[in-house]
Amino acid sequence: MSHYIVLVKQVPDVSQITDNAFDPETGNLIRTRLPSVINEHDAQALAFANQMRVLSGDKDTKLICLSMGPPMAEEVLRYSLARCADDVVLLTDRALGGADTVATANPLAYGVRKIVAEKFGGSSDYYIIAGMQSVDGDTAQVPAQLAEELKLPCIAYATEAEFINETFRFTRIISGGSQIVEAKKLPVVVTVAKYEFPVYPTFSRTRRANKSQVSQWTASDINAEYIGVKGSKTRVIRVFPPGKTTRKCQEITDVKELARILVEAASAEVKAQETEAEKKKHYLLPDDRPDKFDRSFEGLEKEAQDYKLLMDIFKEMGIQDLSQIDDAKKEQIVEKADGAYRVKALEDMLDGLKANTPTYSGEVWVCAEHDGTAPNSATFELLGKARDLADSLNVECGVVIAGENIQPMTKDLIAAGADKVYAIEHPLLKEFDPTAYRKAIATTIERHKPQIVLYGATPQGRVLAPMVSYRVQCGLTADCTGLAINDSSRKGQIACLFQTRPALGGNVMATICTKDSGCQMATARPGVMQALTKDYSRKGQIINEQVELTEEDVSLRIIKTEMGTGEVNFDAEVIISGGKGLQDRTNFENKIKSLMSAISGKTGAAVELGASRTAVEQGFAERIHQVGQTGTAVGPKLYVAMGISGAIQHMIGVANTEVIVAINTDPNAPIFKSADYYIIGDVNQIVPKLVQEIQAAE
């Protein structure tokens, strides 16, 4: 008899975000100005767990929802009771506030232990079900880190459950395909990527939910190890609204005009993209700067401006050494600063000028992901960024790669920028198993102590990185779109990794730093960083790592793996993608291929077929053609989205496209806010006319 613990979270309704939701002084989101709702992925997880209970046929099982938040989070627990939960528990305490993912996963894990002891009678026959991620954090780290704390297997990105031979088998998304797996033993953590069969409340359950007592446990009830801000491994440096979109967001009403736009976009020369290194002055360690007082590499613009003002005052006063500054001089400096800072702030800045030693030491690493024959594109993109970071820090750049028969891949990694490749060969690493890979990677990190480790924000990376980081007790920032070496001199932090990422569905941006850790870790979105041109004349060192693994370290049985069949060229200049709006496979293929043929015939451009995740799951296209966060990130000259709503996970994967064109019947489709041009209408009517106009274009 299996029991179920479902993790649920109350989150702000990001669909209601307006400019009024931000503090004009700090740029921070004012959450009280937004209504609160249950996290959508958690609502799906709740329905998923209930379906598991139905499939098992056991009416004596218990389904308990666990949440962590303020007292008002009772609302989502009553929501859960009104639908299918038997019992609910809320972890609520001011001490728990301000937690990052480590200080969230840890108390939740202790809460799970208490539920198991007090409500399941100590039984180990249970499943922990969670949504893939929460819309306010978008990290996908908490379930995997909770699994690591409890030493449990983690099945991530599940989309379906079957009950066969008295055990559950799960279909999960993997890069480029899907897999059916089962846990070798219970308990197990399962994260749900998508489940579109909601559970609705009944009148009687709603009455019961409103009358039920919600169990509230405090920090002292669970005695967790990592609590709140103090227990967190990262700190948020800055939260700010994202820059205004560079997309044109222009509605087109004339099909002939849209045809002209498509032909021009497919024929246009690709603009050379400026790399992050070119956009910003290359970081120099304090001892390498011509001016020992130079603090132009501060992570916050305000800090850099304050130091620049201080340097100007130093020059005016003829100060060339900090030993010249006594209390009288401090007063003079404060007076000349004209209110920019007071004595205490000045003293902090002077202490910052004494800090010249980098906070971290060691190499910069990339954790490589591969398909058994070659590293994926995200690995090479990360390696390009890691090379830049390592050069800034005057250290070597390394890659850690695990698997079976991986030696042939090492030459490509060295050619792409690695100085060292740490190769972990073992038969038990042939297939990706989160627990086995976590042990292999974490052991190698603990042995060599790099200062930075980067992972791709892929289905594999988003479960492996949280488990490894929790194991080695390091901070981790998810889905980064910007990585840079900067200082925070007043806090004594020199040459630290400043990690910038979107949150709240892309409605805000956050810059984050690691704290209280020996290593800085981040996952980065595929398609955001730029790979270097491979240079096979480069020389590098291959270090063969030995890691002890046994069958006990493998947590999952892989029943079946289905990878997308055929070949795909996502380096094509044009990609035409379809979604569920194309209704069926025949219509999907006919409409997309007719437009592909028209554009290719008119412009000579290479054109490829793409698909949304929903289109793939409904059988319209093979998994290999899936574009998006759980598919492949692309960056063509022209991306045409037909019948695709524009979920954030899809738009992440096309962010580097030169021109995005969308066709959708829904005038409020989210994709229109991320497109350069869009037309409102039925794809089935528009595409035939569009093909005719393209063929007739001069």
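Just so you know, these numbers come straight off a predicted model, no measurement behind them. (Residues numbered from 1 in each chain as written. Predicted model: local features only at pLDDT ≥ 70, side-chain atom pairs only at ≥ 80, totals over all residues. Heavy atoms only, no water.)

Draft legend 1. Examining the overall build of the protein more closely. When helices and strands are counted, the protein shows 20 helices and 29 strands. Computed over its C-alpha atoms, the radius of gyration of the protein comes to 27 Å, within 12% of the 26 Å expected for a compact globule of 698 residues. By the burial criterion, 58% of the 698 residues in the protein qualify as buried. Of the roughly 29800 Å² that the protein leaves accessible, carbon and sulfur atoms contribute 47%. Between the averaged position of the 78 positive side-chain charges in the protein and that of its 92 negative side-chain charges there is a distance of 3 Å. (Helix = DSSP H or I, 4+ residues; strand = E, 2+ residues; numbered from the N terminus. Rg over C-alpha atoms; globule rule 2.2 N^0.38 Å. Buried < 20%, exposed > 50% of the residue type's maximum accessible area, 1.4 Å probe, protein only. Areas by Shrake-Rupley, 256 points an atom, 1.4 Å probe, with all protein chains shown as cover. Lys, Arg positive; Asp, Glu negative; His and termini not counted. Charge placed at Lys NZ, Arg CZ, Asp CG, Glu CD.)

Draft legend 2. Structural detail: the packing of helix 10 (residues 301–317) against helix 11 (residues 327–337). Orientation of helix 10 relative to helix 11, taken along the N-to-C sense of each, is 120°, at an axis distance of 10 Å. Of the possible angle classes, the one that applies to helix 10 and helix 11 is oblique. By crossing handedness, the relation of helix 10 to helix 11 is classed as right-handed. Packed against helix 10, whose contacting residues are Leu309, Leu310, Ile313, Phe314, Glu316 and Met317, the element helix 11 presents Lys329, Gln332, Ile333, Lys336 and Ala337 at the interface. For the contact of helix 10 with helix 11, the class distribution of residues is seven nonpolar, one polar and three charged. (Axes fitted to C-alpha atoms, helices over the stretch in contact; angles between N-to-C directions. Parallel < 35°, antiparallel > 145°, perpendicular 65-115°, else oblique. Left-handed = near helix turned anticlockwise from the far one by under 90°. Contact = heavy atoms within 4.5 Å. Nonpolar A, V, L, I, M, F, W, Y, C, P; charged D, E, K, R; others polar.)

Draft legend 3. View of the nonpolar core. Ile5, Leu66, Val112, Ile128, Leu146, Ile441 and Met521 are the most contacted members of the largest nonpolar core, which has 66 residues in total. Per-domain counts for this core show at least three residues from each of domain 1 (3–152 + 187–232) and domain 4 (359–560). Those residues within four positions of Ile441 in sequence are excluded, and the remaining contacts are Cys367, Val400, Ala402, Ile424, Leu464 and Val468. Formed by 40 residues, the second largest nonpolar core is a distinct cluster that contains Leu258, Ala615, Val640 and Met642. (Core = buried A, V, L, I, M, F, W, Y, C linked by side-chain atoms within 4.5 Å. Domains from an automatic or database assignment.)

Draft legend 4. Summary view of the domain arrangement of the protein. As assigned here, the protein comprises domain 1 (3–152 + 187–232), domain 2 (250–268 + 568–696), domain 3 (286–354) and domain 4 (359–560). Each of domain 2 and domain 3 has a C-alpha centre, and these two points are 54 Å apart.

Draft legend 5. A look at the confidence of the model for the protein. Averaged over all residues, the pLDDT of the protein is 92; the fraction at 70 or higher stands at 95%. Every residue in residues 272–279 is under pLDDT 50, and counting partners more than four places away or in other chains gives 12 contacts. (pLDDT = per-residue confidence, 0-100.)

Draft legend 6. Quick peek at empty space enclosed by the protein. Under the definition given, this model contains four cavities of 30 Å³ or more. Size it by volume and the largest cavity reaches roughly 70 Å³. Looking at the largest cavity, the residues that line it are Met132, Ala140, Ala144, Cys154, Ala156, Tyr157, Thr191, Arg462 and Val463. Going through the elements one at a time, strand 7 (154–164) and helix 16 (461–471) are the ones with two or more residues in the lining of the largest cavity. Here the lining of the largest cavity is composed, by residue class, of seven nonpolar, one polar and one charged. Roughly 50 Å³ of volume is contained in the second largest cavity. Forming the walls of the second largest cavity are 10 residues, and the residues nearest its centre are Gln133, Asp138, Arg525, Ile648 and Ile652. (1 Å grid on protein atoms, 1.4 Å probe; cavity = no way out; pocket = protein on both sides within 12 Å on 5 of 7 lines; lining within 4 Å. Points joined across faces, edges and corners; volume = space filled by probe spheres on them.)

Draft legend 7. Quick look at helix 8 (residues 255–267). Compared with the 18 Å implied by 1.5 Å per residue over 13 residues, the 18 Å span of helix 8 between its first and last C-alpha is a close match. Every buried residue of helix 8 is accounted for by Val255, Leu258, Ala259, Ile261, Leu262, Val263, Ala265 and Ala266. Where helix 8 is buried, its residues touch strand 25 (574–578), helix 17 (585–603), strand 27 (638–642), strand 28 (659–664), strand 29 (677–680) and helix 20 (683–696). (Expected span 1.5 Å × (residues − 1).)

Draft legend 8. The environment of Ile180, seen in detail. Here Ile180 is to be found in strand 9 (residues 177–183). For the pair Ile180 and Ala156, spaced 24 residues apart in sequence, the C-alpha separation works out to 12 Å. Each residue touching Ile180, except ones within four places of it in the same chain, is listed here: Arg169, Phe170, Thr171, Arg557, Ile558, Ile559 and Lys560.

Draft legend 9. Looking closely at the state of the cysteines. Following the criterion strictly, the structure yields zero disulfides and no others. Free of any disulfide, Cys65 has its nearest neighbouring cysteine sulfur in Cys84, separated by 6.6 Å. Judged by relative accessible area, which is 0%, Cys65 ranks as buried. In this structure Cys480 is a free cysteine whose sulfur lies 11 Å from that of Cys513, the closest cysteine sulfur available. By relative accessible area, which is 0% here, Cys480 ends up buried. (Disulfide = S-S within 2.5 Å.)

Draft legend 10. The arrangement of the packing of helix 15 (residues 434–448) against helix 16 in detail. For the pair helix 15 and helix 16, interaxial distance at closest approach is 9 Å and the crossing angle is 50°. The angle between helix 15 and helix 16 falls in the class oblique. As for the relative orientation of helix 15 and helix 16, their crossing is right-handed in sense. Residue-level inspection shows Pro434, Thr435, Tyr437, Arg438, Lys439, Ile441, Ala442, Ile445 and Glu446 of helix 15 in contact with helix 16, the latter providing Val463, Leu464, Met467, Val468 and Arg471.

Draft legend 11. Quick look at helix 13 (residues 377–393). If you check helix 13, its first and last C-alpha atoms are 25 Å apart, about what 17 residues at 1.5 Å a residue would give, namely 24 Å. Extensive coverage of helix 13 is indicated by the burial of 15 of its 17 residues. A positive phi of about 60° marks Asn394, the residue just after helix 13.

Draft legend 12. Inspection of the pattern of salt bridges at higher detail. Per the counting criterion, the structure on display carries 40 salt bridges. For the salt bridge of Asp419 with Arg538, the shortest nitrogen-to-oxygen distance reads 3.0 Å. With a gap of 119 residues between them, Asp419 in the loop between helix 14 (407–415) and strand 16 (420–425) and Arg538 in the loop between strand 22 (520–524) and strand 23 (541–545) connect regions that are remote in the sequence. The partly exposed category is assigned to Arg538, whose relative accessible area is 26%. Residues participating in the shared-partner salt-bridge network are Lys194, Glu196, Arg613 and Glu617. (Salt bridge = Lys/Arg side-chain N within 4 Å of Asp/Glu carboxyl O.)

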